[in-house]
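Structural overview for review
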Amino acid sequence: MVADNALKFSVTRASGDPRTALARWFDSAHPGDILLVEFRIRQWWLPMSEEQPLSALYSRHSQKRFVCTVTDGAVDASELVRQGLESWAESRQLPIFAPGQPLPLVSVNIPKPWGQEIWFTGAEERGLCRFSDGRFSLPIPWLQAVLPDQAAGDAGGPLVLLKILDPVAQEVTGDLYFELHQEKREVYVVTHVDRRAWPDGVGGIRYGFNPLRLAAAASEEEFKQDYLAAVRAYESVRRDIDQLPEDIEPDTRLLDAERRLREAMNGFTHMRELRVGDVVVVPLLMPHSLQHGVRTIEFQTPVYERQILSFAQRVLTQDHWDTAEAVTQMRLTPPQDEHFALLSDEAGVVVERIVDFPDFEVRRVSLSPGSRLELDCINSYQLLMVVEGEVPLADAVLGPEEAALLPRGQHFSLGHRDPKTPLVALLAMPRG
């Protein structure tokens, strides 16, 4: 490390792992001193994970406290000397973070044929979510790489994926893929049912298969083969439509065949009713398709993999369906027991574990007016998503469908901004 001469601030340069450099520098630094660490981050969220040059900047504030930021731009140490880190960062619209503070999540909207996904923790080629200090923001992996003690999750790996599924209200167009997953576990919490699509407020998800059709089949294998035949018949007419030039509308004969074969195919499946507040746990190998006009908060394993059994539109991300392979391994019925575990019910605080997966769990917290939840993030970070009400967190206020990461090793007291109103929130935490 080499220190630059300075009138006001001492700037120390280093290279390599920022957290290692911080640990070596901190005890000998004085308040206002700055550490500049040049390092390279592997862009693990991209298919071609090349290394990206970045600079981490730390400023000591007190005996135990520092603030930091990250930039991919050039850093002139003389400007840091004149301005100090916080003024320098503000002039470049860079956020400043202090260890232990809640980290509001900046969402990214991902267009879909059926509507959109709104990501809060996604990190991949299609979108990169960010942490905010309330004004400016940084990509999630950048801050993970410079905060010590895995405060915001493992450097070099994704967070539990938090997103909103927002399908359009139009029937068929707003229906998601009927798909299953071999690795990705999901849980949905319904936040809105569009009454333009569902006038009585009861929406749906295609979830597994029709129990009456199953009972009538001679065997599960016969049921699977009959279903596969129905999908293949529909896929044939679907491809005839998809291959038409964009300026040519399908004729009536083709549209009638599409509707008839789609209804025959869907007759094998089960439609589960959904209302606001309902929770859907999607285990591995369970075919499912959220329906149009049903908005949900989703937590899932952060992997991108799926097998598409069918879709009533052109599939844009691949040139085939996976029905034949999926049929050989798919679950036909959901698990028998989907009861929530009541973890706490006292002093106006109700905490339910709504899903308990091997890699993460999700809890739903309901606070009556005036009550508070004391929360320790001792072993890992937690993701907080507000469903109803408002939560003050440091200098930020989270409203419905806003989220933040609560860093590992910290204690938080969650309550209401308005003590007269109830609060409902979701908390997700990784395992292992």
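Everything numeric here is computed off the predicted structure, so don't read it as measured data.

Description of unusual backbone geometry
Here Val172, not a glycine, exhibits a phi torsion of approximately 70°, which is positive. Counting through the fold element by element, Val172 comes out in the loop between strand 13 (161–167) and strand 14 (178–180). A positive phi angle is found at Leu285, which is not glycine, with a value near 70°.

Topic: the packing of aromatic side chains
Evaluation of the coordinates by the stated rule reveals 12 aromatic pairs. Summarising the aromatic geometry, the rings of Trp44 and Trp45 are spaced 5.5 Å apart at their centres and angled 90° between planes, so their arrangement reads as edge-to-face. When its relative accessible area of 16% is taken as the criterion, Trp44 is described as buried. Looking at Trp45, the relative accessible area reads 8%, which means it is buried. Members of the aromatic cluster, joined through ring pairs, are Phe178, Phe209, Phe223, Tyr227 and Phe268. Over the face of the ring belonging to Phe26 we find Arg60, whose NZ or CZ atom lies 4.4 Å from the ring centre.

Observations regarding the pairing of strand 31 (residues 423–430)
By the criterion of burial, strand 31 is predominantly enclosed, with 7 of the 8 residues buried. By the bridge criterion, 8 bridges tie strand 24 (residues 360–367) to strand 31 in an arrangement that is antiparallel. Bridge pairing links Arg363 to Leu427 in strand 31. Across 5 bridges, the pairing between strand 26 (residues 382–388) and strand 31 is antiparallel.

Things to note about the confidence of the model for the protein
Model confidence for the protein is summarised by a mean pLDDT of 93, while 97% of its residues fall at 70 or above. Note that pLDDT drops below 50 for residues 1–7; the model gives that stretch 17 contacts with residues more than four away or on any other chain.

Regarding the nonpolar core
Tyr58, Phe131, Val146, Phe299, Leu383 and Met385 are the most contacted members of the largest nonpolar core, which has 75 residues in total. At 6 residues, the largest contribution of residues to this core is made by strand 3 (residues 34–42). Judged by nonpolar contacts, the second largest core, of 45 residues, contains Ile205, Phe223, Tyr234 and Trp321.

What about the environment of Pro31?
Looking at the secondary structure, you find Pro31 in the loop between helix 1 (18–26) and strand 3. What makes Pro31 exposed here is its relative accessible area of 58%. Measuring from C-alpha to C-alpha, the distance between Pro31 and Phe66 comes to 8.8 Å, with 35 residues separating the pair along the chain. Other than its neighbours up to four places away in sequence, Pro31 contacts Arg60 and His61.

Things to note about empty space enclosed by the protein
The method is simple in principle: a probe with the dimensions of a water molecule rolls over the atoms, and the space it marks as empty is what remains. Counted by the stated rule, this structure contains 1 cavity of 30 Å³ or more. If you add up the space inside the largest cavity, you get close to 40 Å³. What lines the largest cavity is Phe97, Ala98, Pro99, Gly100, Gln101, Leu103, Leu147, Ala151 and Pro407. For the lining of the largest cavity, the residue count by class is 7 nonpolar, 2 polar and no charged.

So, helix 1
Given 3.6 residues per helical turn, the α-helix brings residues three or four places apart onto the same face. Those residues of helix 1 that sit buried are Pro18, Ala21, Leu22, Trp25 and Phe26. The buried residues of helix 1 all sit within an arc of 115° when viewed along its axis, so they share a single face. The exposed set on the far side of helix 1, more than 90 degrees from its buried face, consists of Ala23 and Arg24. Where helix 1 is buried, its residues touch strand 2 (11–15), strand 3, strand 4 (51–60) and strand 5 (66–71).

Thresholds, definitions, all that
Position labels on residues start from 1 in each chain and follow its written sequence. Confidence filtering applies because this is a predicted model: local features only for residues at pLDDT of at least 70, side-chain atom pairs given and counted only at 80 or more, and all residues used for totals across whole chains, interfaces and linings. Based on all heavy atoms of the structure, the side-chain values leave hydrogens and waters out of the count. Here a strand is any run of E in DSSP of at least two residues, a helix any run of H or I of at least four, and the numbering for each starts at the N terminus. Within 6.5 Å between ring centres, the rings of Phe, Tyr and Trp (the latter by its six-membered ring) count as paired, and their orientation is classed by plane angle as stacked under 30 degrees, edge-to-face over 60, tilted in between. Relative accessibility thresholds used throughout: buried, under 20% of the residue-type maximum; exposed, over 50%; partly exposed, between the two (1.4 Å probe, protein chains only). Note on geometry: a ring has a charge over it if NZ (lysine) or CZ (arginine) is within 6 Å of the ring centre and within 35 degrees of the ring normal. Strand pairing is defined by DSSP finding a minimum of two bridges between the two strands. Values of pLDDT, which run from 0 to 100, indicate the predictor's confidence residue by residue. Only heavy atoms enter the contact rule, under which two residues are in contact if any of them lie within 4.5 Å. By convention a nonpolar core is built from buried Ala, Val, Leu, Ile, Met, Phe, Trp, Tyr and Cys residues, the set being connected through side-chain atoms within 4.5 Å. Here a cavity is any set of points on a 1 Å grid over the protein atoms alone where a 1.4 Å probe fits but cannot get out, and a pocket is any open set with protein on both sides within 12 Å along at least 5 of 7 lines; a residue lines the site when it has an atom within 4 Å of a point. Grid points are joined across faces, edges and corners, and a volume is the space filled by probe spheres set on the points. Charged means Asp, Glu, Lys or Arg here, nonpolar means Ala, Val, Leu, Ile, Met, Phe, Trp, Tyr, Cys or Pro, and polar covers whatever is left, Gly included. Summarising the geometry, the arc corresponds to the directions from the helix axis toward the C-beta atoms.

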